[in-house]
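Notes for the structure review
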Amino acid sequence: MRRGSPTADGLSPPRSTSHPATFYPQDLAASLRSSRGPHKVSITHMSTNMIAVHLPDGSIREVPSGTTPLDIANSISPRLAAASVVARVTPLGGTTTQSDGKASTGEDSGEASMYAAEDAAAPRLVDLSAPLSVSVKLELLKENDPDALKVLRHSAAHVLATAVLELFPETKLGHGPATDSGFFYDFYREKPFTPEDLAAIETKMAAVVARNDPFIHEFAPRDKSLEGFERDGDFMKTHFVTKFTEPGAEVSFYRNGNFVDFCRGPHVPSTGRVKAFKVGPLAGAYWLGDEKNPQLQRVYGTAFFSQKDLDAHFARLEEAARRDHRVLGKQLDLFSIQELAGAGLIFWHPRGAIIRKIMEDWMRDECLRRGYLLVYTPHVMRRELWKVSGHEGFYSGNMYTPMELDDAEYRLKPMNCPGHILIYKNSPKSYRDLPQRYAELGNVYRYERSGTMHGLLRVRGFTQDDAHIFCTPQQIESEVAACIDFAEAVLKTFGFKEYKVELSTWDPSDRAHYAGSNENWDLAIRSLDNVLKSRGIPYKTIPGEAAFYGPKIDVKLVDVLGRLWQLSTVQFDFNLPARFELEYVGEDGERHQPVMVHRALFGSVERFFGVLIEHYAGAFPLWLAPVQIGLVPISEKHVAYAAKVESALRAAGFRTESDLRNEKMNAKIRDFANQKTPYILVFGDKEEGAGAVSVRTRGKGDQGSMPLTDFIAKATSLVEMQSTEL
Ligand SMILES: [Zn+2]
Ligand SMILES: [Zn+2]
């Protein structure tokens with residue numbers, strides 16, 4: 001029932017990332033410079049120990065300890081060395097933990113994930129110049145690897161900080177991680193950066209890139225580093241070093257030219273690799289997210305390995321902005337959110353409501369065709385019910401507070417399941433009655449924090465196309481297969497060609513966190529597995545991601561821009577049937593507990609509609625378009641013919657609109673085109689005389705004149721096919 005969030009490719013808010021960065025105190029920088037000899041890295045056992053390096057092709061190289069990934073790349077081919085960006089190593093057998101960080105205290109996961117110690121045995125990224133001291137599995141990552149892109153972007157953050165300090169030396173540095181779509185760096189400076197400053201920073205960055213300084217890993221004693229940071233008023237670096245390094249440790253720094261930053265790495269080999277980048281936008285952020293702290297200036301940016309990729313990225317952003325459902329919702333008068341009524345509550349205007357009706361009619365008809373039974377359940381129910389279902393305990397934070405009536409307290413429903421369960425329980429069931437499939441377009445209300453709402457995608461009230469299937473364990477597999485079929489039909493019908501499937505399973509070693517017997521879990525997971533395998537549907541298994549009450553399948557559709565949207569979900573439940581003591585009488589005459597499946601295919605009608613608007617950029621296919629056909633009489637003389645044409649079209653079931661204003665024909669055509677109307681019919685004396693219409697098709701322009709009856713036949717067949725071509 002979790003509604004996922006879009007993986008939109010915008011400049012998304014920062015997520016967790018690789019690691020940190022720092023400019024450090026002037027004299028410390030100087031001392032490092034003088035103590036030179038680019039100061040070879042830490043764990044070099046300068047001995048003749050040999051280590052084994054396992055390469056992806058299965059070959060093994062015996063090399064002296066201290067050999068770098070770059071040495072290995074060069075020994076294979078100089079071209080490979082030049083093409084490599086960073087290395088991924090997995091220690092084999094013995095471990096050398098080189099943890100210079102404390103465990104996270106958990107209050108700031110983003111920051112902790114940058115600085116805290118890593119699992120020494122896990123694969124990790126290292127500089128091409130990092131000496132290897134134990135036997136490893138080694139992969140050399142080239143520019144096409146997503147991890148290499150993250151390393152590039154984090155390196156670009158160093159380049160940004162270098163440029164900022166060269167231009168504005170009074171600036172204090174925070175941290176500069178890569179994000180999903182680029183990078184940022186937090187700066188403290190009393191004067192806000194102006195757009196001109198950002199342009200100057202970008203120009204200076206190009207100069208830093210042109211210098212092509214290598215990124216050099218250096219180490220300095222912790223107390224000396226801290227002393228310098230404190231003296232220079234580098235309060236953020238002081239915080240990071242104090243929090244994430246141990247007393248007595250050597251602190252890890254990275255240098256490019258004169259710029260040195262507290263950082264765990266890794267980086268690209270030199271600044272010259274940061275070829276294609278763009279700075280902006282600028283945002284405010286409080287230090288450590290606390291508004292009592294100084295306000296920082298967060299400078300965002302993005303970087304790619306080529307200008308072509310950078311251009312494509314901005315073209316995609318522009319296209320996404322053009323398709324924004326909030327903008328199109330207003331422009332096409334589809335829906336609104338009213339301040340007076342409250343955030344996250346959707347008003348469906350006539351043009352949006354008609355699309356919703358078509359979606360809902362399709363869904364209900366399809367449910368009936370597939371053996372579901374339609375039900376309706378109340379919006380508010382007694383608090384007692386939510387105690388039995390467990391929502392009162394586990395889900396209370398997402399529910400609206402109780403309302404006191406004369407007989408009892410009531411709560412708005414956040415889910416439809418308990419209602420469907422009461423219907424099941426209302427009469428005794430035998431194995432012959434199963435499966436029972438109850439479907440409802442159920443309105444639910446969930447509390448979302450203010451400020452987190454987003455158009456139709458994140459709301460406080462929505463309609464789930466919800467169904468609950470009560471079945472025997474033996475029926476699980478065929479029921480799941482039918483749900484997957486149904487989900488595929490939804491996606492295909494509404495014009496989505498691609499989707500991705502995830503199977504979330506349990507973690508059997510964490511038994512206490514899961515309801516239901518081992519046998520049931522095994523059976524359910526095996527059934528889900530079997531269904532996906534037997535249909536040849538590729539999927540990703542995610543262990544430990546199942547809800548406590550059962551495993552689930554999530555279907556994420558891929559829209560026209562390649563963005564993923566979590567919509568359909570099929571979930572098992574061993575918990576609610578037990579809580580409500582559901583039963584059926586088996587063939588053996590004994591009482592058994594049915595298995596319950598929750599499934600939603602649109603997910604929520606609101607969210608699905610939002611995705612549809614963006615997918616089609618508001619140009620809905622004919623069968624969904626709110627106004628399918630716009631009528632344009634050339635002059636007032638043709639108004640009577642317009643009425644005739646309109647009544648013929650309406651009789652054939654079309655949604656039409658006539659523009660009878662005293663306006664120029666071209667203005668009327670333009671207005672219908674702006675509304676993305678699929679067909680515009682124009683007629684004057686000639687058409688009227690012939691019982692014809694002149695047809696303009698969206699995206700194709702003027703198609704010439706044809707008899708009205710022919711047009712109706714053609715358009716009718718497109719609607720009947722639910723064509724997504726027009
Ligand atoms: Zn770094
Ligand atoms: Zn449910």
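Structure's up top.
Residues numbered from 1 in each chain as written. Chains lettered and ligands numbered in written order. Predicted model: local features only at pLDDT ≥ 70, side-chain atom pairs only at ≥ 80, totals over all residues. Heavy atoms only, no water.

Right, let's talk about the coordination of the zinc ion (ligand 1) for a bit. Here the zinc ion (ligand 1) is held by the protein donor atoms His 154 (NE2), His 158 (NE2), Cys 263 (SG) and His 267 (NE2), which lie 1.8 to 2.1 Å from it. In this structure, the zinc ion (ligand 1) is surrounded by 4 donor atoms whose angles at the metal cover 89 to 123 degrees, and the resulting shape is tetrahedral. (Donors = N, O, S within 2.8 Å, 3.2 Å for Na, K, Ca; no water. Tetrahedral: all angles 85-135°; square planar, octahedral: opposite > 155°, others 65-115°.)

Here we come to the side chain of Glu 502. Examined against the element boundaries, Glu 502 turns out to sit in strand E21 (residues 498-505). There is a polar contact of 3.3 Å between the side chain of Glu 502 and the side chain of Lys 556. If we ignore the near neighbours within four places in the chain, the residues touching Glu 502 are Lys 540, Ile 542, Lys 552, Ile 553, Asp 554 and Lys 556. (Helix = DSSP H or I, 4+ residues; strand = E, 2+ residues; numbered from the N terminus. Polar contact = N/O pair within 3.5 Å; in protein donor to acceptor, adjacent residues only side chain to side chain. Contact = heavy atoms within 4.5 Å.)

This part takes up the sheet that holds strand E9 (residues 250-256). Taken in spatial order, the 3 strands make up an open sheet running E8-E9-E10, and their pairing is antiparallel. Lying at the two open borders of the sheet, with one neighbouring strand each, are strand E8 (216-221) and strand E10 (259-262). In this sheet, adjacent strand axes meet at a mean angle of 35 degrees when their direction is disregarded. The strands touched by helix H5 (residues 146-167) are E9 and E10; relative to E10, the strand with the most contacts, the crossing angle is about 125 degrees. Across the face of the sheet, helix H7 (residues 222-231) comes into contact with E8 and E9 while running at roughly 90 degrees to E8. (Pairing = 2+ DSSP bridges. Axes fitted to C-alpha atoms, helices over the stretch in contact; angles between N-to-C directions.)

To continue, consider the nonpolar core. With 69 residues, the main nonpolar core has Phe 494, Ile 553, Phe 608 and Phe 620 as its most contacted residues. Sort the elements by how many residues they give to this core and helix H15 (residues 476-493) lands first, with 9 residues. Leave out the neighbours within four places in its chain, and Phe 608 touches Met 359, Val 490, Phe 494, Phe 496, Leu 557, Leu 567 and Phe 602. If you look at the next biggest cluster of nonpolar residues, it comprises 40 residues, including Tyr 185, Ile 201, Phe 304 and Leu 310. (Core = buried A, V, L, I, M, F, W, Y, C linked by side-chain atoms within 4.5 Å. Buried < 20%, exposed > 50% of the residue type's maximum accessible area, 1.4 Å probe, protein only.)

This brings us to the packing of helix H19 (residues 639-651) against helix H22 (residues 708-720). Look at H19 against H22: their axes get within 11 Å of each other, and the N-to-C directions meet at 30 degrees. Considered as vectors, H19 and H22 are oriented roughly parallel to each other. With respect to the hand of their crossing, H19 and H22 are arranged in right-handed fashion. Across from Val 645, Ala 648 and Leu 649 in H19, the residues of H22 making contact are Leu 708, Phe 711 and Ile 712. For the contact of H19 with H22, the class distribution of residues is 6 nonpolar, no polar and no charged. (Parallel < 35°, antiparallel > 145°, perpendicular 65-115°, else oblique. Left-handed = near helix turned anticlockwise from the far one by under 90°. Nonpolar A, V, L, I, M, F, W, Y, C, P; charged D, E, K, R; others polar.)

Below, the discussion takes up the packing of aromatic side chains. What characterises a pair of aromatic rings is the spacing of the ring centres plus the angle enclosed by the ring planes. By the definition in use, this model includes 29 aromatic pairs. Relative to Phe 486, the ring of Trp 362 lies with its centre 6.5 Å away and its plane at 55 degrees, an arrangement referred to as tilted. Here Trp 362 is found in helix H11 (residues 350-369), whereas its partner Phe 486 is found in helix H15, with 124 residues between them in sequence. Assessed through its relative accessible area of 9%, Trp 362 is described here as buried. A ring pair is formed by Trp 506 and Tyr 514, whose centres lie 5.7 Å apart and whose planes are at 80 degrees; its orientation type is edge-to-face. Looking at Trp 506, the relative accessible area reads 7%, which means it is buried. Residue class for Tyr 514 comes out buried when judged on its relative accessible area of 10%. (Phe/Tyr/Trp six-rings, centres within 6.5 Å; stacked < 30°, edge-to-face > 60°.)

In this section: the packing of H5 against helix H6 (residues 195-211). Between two packed helices, the angle of one axis relative to the other and the distance separating the axes together describe the packing. Interhelical geometry of H5 versus H6 gives an angle of 115 degrees and a closest axis separation of 8 Å. By the angle between their directions, the pair H5 and H6 is classed as roughly perpendicular. By crossing handedness, the relation of H5 to H6 is classed as right-handed. Contacts between H5 and H6 involve Ala 156, Val 159, Leu 160, Thr 162, Ala 163, Val 164, Glu 166 and Leu 167 from the former and Ala 200, Ile 201, Lys 204, Met 205, Val 208, Val 209 and Arg 211 from the latter. Among the residues making up the contact of H5 with H6, the classes are represented as 11 nonpolar, 1 polar and 3 charged.

The next thing to look at is the coordination of the zinc ion (ligand 2). Around the zinc ion (ligand 2), the protein contributes the donor atoms Cys 417 (SG), His 468 (NE2) and His 598 (ND1), which lie 2.0 to 2.4 Å from the metal centre. Mapped onto the sequence, the donors of the zinc ion (ligand 2) take the spacing C-x50-H-x129-H. One end of the pair, Cys 417, is in helix H14 (residues 417-425); the other, His 598, is in strand E27 (residues 595-604), with 181 residues separating them in the sequence. Accessibility assignment for this pair places Cys 417 and His 598 in one class, buried.

In this section: the pairing of strand E24 (residues 564-573). For E24, a buried count of 9 out of 10 residues is recorded, marking the element as mostly surrounded by other parts of the structure. Between strand E23 (residues 552-558) and the antiparallel strand that follows it, E24, lie 5 residues; Gly 562 among them carries a positive phi value of about 80 degrees.

In terms of burial, E9 is a largely internal element, 6 of the 7 residues being buried. Where E8 lies against E9, 6 bridges are found, and the strand directions are antiparallel. Bridged to Phe 219 within E9 is Ser 252. Inspection of the sheet shows E9 paired to E10 by 4 bridges, in the antiparallel sense. Paired with Asn 256 across the strands is Phe 259, a residue of E10. Counting the residues in the hairpin turn of E9 and E10 gives 2 residues, including Gly 257, whose phi is positive at 60 degrees.

Nothing here speaks to function; it is all geometry.
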